[in-house]
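Examination of the molecular architecture
So you can see what is in the structure, the chains are spelled out below.
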Amino acid sequence: MKRLIQNWLSYIMLMVVTLLFTIYYRQSFFLVLFLLLCFLPVISYFSCSYGFKHITVSLASKAYMADKPATLPLFVTIENESHIPFTHFEVTLHSFCCFYPKQQLEKLVLPAHAKKHSVNSFPITYKKSGCYQTKLLEITTYDFLQLFRYSRPCNTQTEVQIMPTATGEFSYQNKIYGEGFDEYEETSLKGNVSSNVTDVREYRPGDRLQKIHWKLSAKSDNLMVKENEATTSNRFFLLAELYSPAASSSAPQDFDLLDKTIDYAFMLGNELLMAGESFFLGCYSIKRNDFSTFFVRNKEEFLLAFSQLFYESTYQVENLGRSIYEKSQLNQGTLLHITHKGVEDVLF
């Protein structure tokens with residue numbers, strides 16, 4: 001607003017000076033110049049108003065999901081369908097992540113050429129796991145004389161899921177595999193699955209080779225898998241603590257602890273899938289005051305479940321999820337408690 005007031009004052013002073021020259025010198029040149037200064041704001045206003053209505057802006061990222069650390073370009077596309085060019089076109093972006101309180105508000109000044117489709121690329125580096133969202137809040141521009149401001153809100157947004165890498169070391173012992181239960185085991189030793197075949201379906205990534213119905217697969221030219229009747233729901237439950245300690249007077253808030261927890265949960269989930277285990281993945285949701293759990297049988301379901309955790313909010317009480325789990329007396333199976341310190345096998 002201050003900028004517009006200054007521009008208007010400067011323009012009015014120019015008109016006053018031109019009017020004085022017209023009165024003093026009594027020449028037609030100054031009269032034409034004065035009349036032109038009177039009509040220019042009107043012409044500039046309506047022409048730029050027409051052009052602004054025919055401009056659309058969109059956001060896009062190179063990839064929806066990537067492994068950390070990643071540097072991905074953010075594409076800001078401006079499409080101007082009118083013949084009116086704009087050299088000063090402002091785009092207001094709001095970037096944030098549910099896991100981290102830091103939010104960034106940035107304004108980009110870009111050109112909007114007449115009858116052109118321009119794509120502007122801005123590289124963004126992601127160092128921690130999470131769901132990073134970028135929203136287009138507002139687009140703004142000015143007329144040729146910089147006397148009028150045009151603005152309108154937008155609701156366009158894009159997001160990027162940054163996943164941990166499945167490599168690293170963490171304190172998890174393979175011996176606890178024997179404590180879990182899997183509904184796809186047919187051995188009578190575990191006794192958790194009936195030998196009755198209740199259904200046959202097509203093979204999905206993550207299914208065990210022992211479950212393939214080879215005779216039927218040979219007849220249908222597709223891998224078919226036997227479904228067995230489950231007699232228990234006991235299995236692994238991966239409980240990830242979304243703990244992020246608050247900042248103190250001596251130290252800033254440490255987000256590395258939360259990032260380590262996410263890394264451990266991701267590595268453990270991949271290890272269980274490689275061992276042919278199905279499991280529950282979950283966390284305590286302070287938004288819903290309840291647990292968010294997802295059943296995982298293969299890699300696709302794991303990535304989908306894992307990405308849903310990124311929309312949850314963190315808490316500042318250590319081991320909050322486990323304490324509520326114990327008080328609620330839930331029984332989701334063998335609990336694997338995941339924190340920034342590693343993985344702990346908890347038996348109830």
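Residues numbered from 1 in each chain as written. Predicted model: local features only at pLDDT ≥ 70, side-chain atom pairs only at ≥ 80, totals over all residues. Heavy atoms only, no water.

So, about the confidence of the model for the chain. For residues with low pLDDT, the predicted coordinates do not support detailed interpretation. Overall, the predicted model of the chain reaches an average pLDDT of 82, with 82% of residues at or above 70. No element of the chain has a lower mean pLDDT than strand β9 (residues 193-202), which averages 58, and none a higher one than helix α2 (residues 28-53), which averages 94. Segment residues 170-195: pLDDT under 50, and 70 contacts once partners within four positions in sequence are set aside and those in other chains are kept. Every residue in residues 229-233 scores below 50 in pLDDT, and together they form 12 contacts with partners more than four places removed in sequence or on other chains. (pLDDT = per-residue confidence, 0-100. Helix = DSSP H or I, 4+ residues; strand = E, 2+ residues; numbered from the N terminus. Contact = heavy atoms within 4.5 Å.)

Another point: the pattern of salt bridges. Scanning all chains against the criterion turns up 6 salt bridges. K68 is the partner of D263 in a salt bridge, and the nearest nitrogen-oxygen pair spans 3.1 Å. With D263 in helix α4 (residues 256-274) and K68 in the loop between β2 (65-67) and β3 (70-80), this pair connects stretches of sequence that are 195 residues apart. Relative accessible area serves as the criterion here: at 11%, K68 is assigned to the buried category. Across the pair E318 and K341 runs a salt bridge, and its minimum N-O distance is 3.8 Å. Here E318, found in the loop between α5 (299-309) and α6 (320-328), pairs with K341, found in the loop between β14 (334-339) and β15 (342-346); they are 23 residues apart in sequence, far enough to count as distant. Looking at E318, the relative accessible area reads 38%, which means it is partly exposed. For K341, a relative accessible area of 62% translates into the label exposed. (Salt bridge = Lys/Arg side-chain N within 4 Å of Asp/Glu carboxyl O. Buried < 20%, exposed > 50% of the residue type's maximum accessible area, 1.4 Å probe, protein only.)

Mapped onto the elements, N270 comes out in helix α4. For N270, a relative accessible area of 10% gives the class buried.

Moving on, we get to the packing of helix α1 (residues 2-25) against α2. A pair of packed helices can be characterised by two numbers: the angle between their axes and the separation between those axes. With their axes 8 Å apart at the nearest point, α1 and α2 run at an angle of 155° to one another. The angle between α1 and α2 places the two elements in the roughly antiparallel class. The two elements α1 and α2 meet at a crossing, and its hand is left-handed. Of the residues in α2, those in contact with Y11, L14, M15, T18, L19, F21, T22 and Y25 of α1 are F30, L31, L33, F34, L37, C38, L40 and P41. Among the residues forming the contact of α1 with α2, the class breakdown is 14 nonpolar, 2 polar and no charged. (Axes fitted to C-alpha atoms, helices over the stretch in contact; angles between N-to-C directions. Parallel < 35°, antiparallel > 145°, perpendicular 65-115°, else oblique. Left-handed = near helix turned anticlockwise from the far one by under 90°. Nonpolar A, V, L, I, M, F, W, Y, C, P; charged D, E, K, R; others polar.)

For the rest of this paragraph, the subject is the layout of surface pockets. Taken as a whole, the largest pocket holds about 680 Å³ of empty space. Lining the largest pocket are 22 residues, and of these S95, Q104, I124, T125 and Y132 sit closest to its centre. Counting residues per element, the ones that place at least two in the lining of the largest pocket are β4 (86-97), β5 (100-112), β6 (116-126) and β7 (130-142). Per element, the largest residue contribution to the lining of the largest pocket is 6 residues, and it comes from β5. A per-class count over the lining of the largest pocket returns 12 nonpolar, 6 polar and 4 charged. (1 Å grid on protein atoms, 1.4 Å probe; cavity = no way out; pocket = protein on both sides within 12 Å on 5 of 7 lines; lining within 4 Å. Points joined across faces, edges and corners; volume = space filled by probe spheres on them.)

With that settled, the discussion passes to α1. Taking 1.5 Å as the rise per residue, α1 with 24 residues should run 34 Å; its terminal C-alpha atoms sit 35 Å apart, in good agreement. Among the residues making up α1, those that are buried are L4, Y11, M15, T18 and T22. Taken together, the buried residues of α1 touch α2, β7 and β8 (149-163). Residue R26 follows α1 closely and has a positive phi angle near 50°. (Expected span 1.5 Å × (residues − 1).)

Grouped together as the largest cluster of nonpolar side chains are 48 residues, with contacts concentrated most on F99, L238, F279, L281, F302 and F306. Broken down by element, the residue count for this core peaks at 10 residues, all from α4. Apart from the residues within four sequence positions on either side, F302 is in contact with A265, F266, G269, N270, L273, F279, L281 and V296. Membership of the second largest hydrophobic core comes to 19 residues, among which are L74, I84, F86 and L93. (Core = buried A, V, L, I, M, F, W, Y, C linked by side-chain atoms within 4.5 Å.)

This next bit is on the pairing of β8. As paired elements, β2 and β8 share 3 bridges and run parallel to each other. Note on β8: the bridge partner recorded for A66 is I162. Bridging between β7 and β8 involves 12 bridges; their strand directions are antiparallel. Pairing of C131 across the sheet is with Q161, part of β8. Hairpin connection from β7 to β8: 6 residues lie between these consecutive antiparallel strands, with Q146 at a positive phi of about 60°. (Pairing = 2+ DSSP bridges.)

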